[in-house]
Amino acid sequence: MIFFLLFCCLAGCLGLEVQQTPPDLIRSPGDTVQLFCAHGKTDYRMMLWYQQPHGDTAMKLIGYLYFKDSTLEEPYKQQFNITGDLSDNNAKNGSLMFQIKGLEHSAAYYCAASEARRRKSPLLFAKT
């Protein structure tokens, strides 16, 4: 059985160009896939990865990279890995890696970039 995987990128409203490679792949169960995503907006330090299963209109968040830390959504924690380093002031690069297990991986995959700001101090709440 062969699976077709389509990889796309989501550009931000500000005209941010996000490059994702490879643009498409055909792989078989057991194959490992690694997708790369890059952009040049140095203050966009969050990279998000989405999956859109074949025949589904919804995009599902796989997880995201924030500076150097990756977070995966529960259904994807055992099968997917997100790596990269968005902490420096150079072009931003990240990757998504997974092994094809079955039809659930036959999908379009998207990367997106977002501006992320660290808080200088935690929010304080007062009970009134």
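Cut-offs and rules
Residues numbered from 1 in each chain as written. Predicted model: local features only at pLDDT ≥ 70, side-chain atom pairs only at ≥ 80, totals over all residues. Heavy atoms only, no water. Disulfide = S-S within 2.5 Å. Helix = DSSP H or I, 4+ residues; strand = E, 2+ residues; numbered from the N terminus. Core = buried A, V, L, I, M, F, W, Y, C linked by side-chain atoms within 4.5 Å. Buried < 20%, exposed > 50% of the residue type's maximum accessible area, 1.4 Å probe, protein only. Contact = heavy atoms within 4.5 Å. Pairing = 2+ DSSP bridges. Axes fitted to C-alpha atoms, helices over the stretch in contact; angles between N-to-C directions.

K.L.:
Got a sec to walk through the state of the cysteines? Specific residues and values, please.
P.N.:
Applying the stated criterion across every chain, the model contains one disulfide. Here Cys-37 pairs with Cys-111 through a disulfide, and the sulfurs are 2.1 Å apart. On the S-S bond that ties Cys-37 to Cys-111, the torsion sits near 75 degrees, and the link is right-handed. In this pair, Cys-37 sits in strand β4 (residues 32-39) while Cys-111 sits in strand β10 (residues 107-114), placing the two residues 74 residues apart along the sequence.

K.L.:
Please set out the nonpolar core residue by residue, giving values where relevant.
P.N.:
Leu-35, Trp-49, Ile-62, Phe-80, Leu-96, Phe-98 and Tyr-109 are the most contacted members of the largest nonpolar core, which totals 22 residues. For this core, the secondary structure elements donating two or more residues are β4, β5 (46-53), β6 (60-66), β8 (80-85), β9 (92-99) and β10. Here this core takes four residues from β10, the largest share from any one element. Discounting residues that sit within four places of it in the chain, Ile-62 has contacts with Trp-49, Tyr-50, Gln-51, Thr-71, Leu-72, Glu-73, Tyr-76, Phe-80, Leu-96 and Tyr-109.

K.L.:
Kindly report on the sheet that holds β4, identifying the contributing residues and their values.
P.N.:
Read across the open sheet, the four strands follow the order β2-β4-β9-β8; overall the sheet is antiparallel. Edge positions in the sheet fall to β2 (18-21) and β8, since each has one partner strand and no second. Going across the sheet, the axis of each strand differs from the next one's by a mean of 15 degrees, ignoring polarity. Examined bridge by bridge, β4 and β9 share eight bridges and lie antiparallel to one another. What sits directly across from Thr-32, in β9, is Gln-99.

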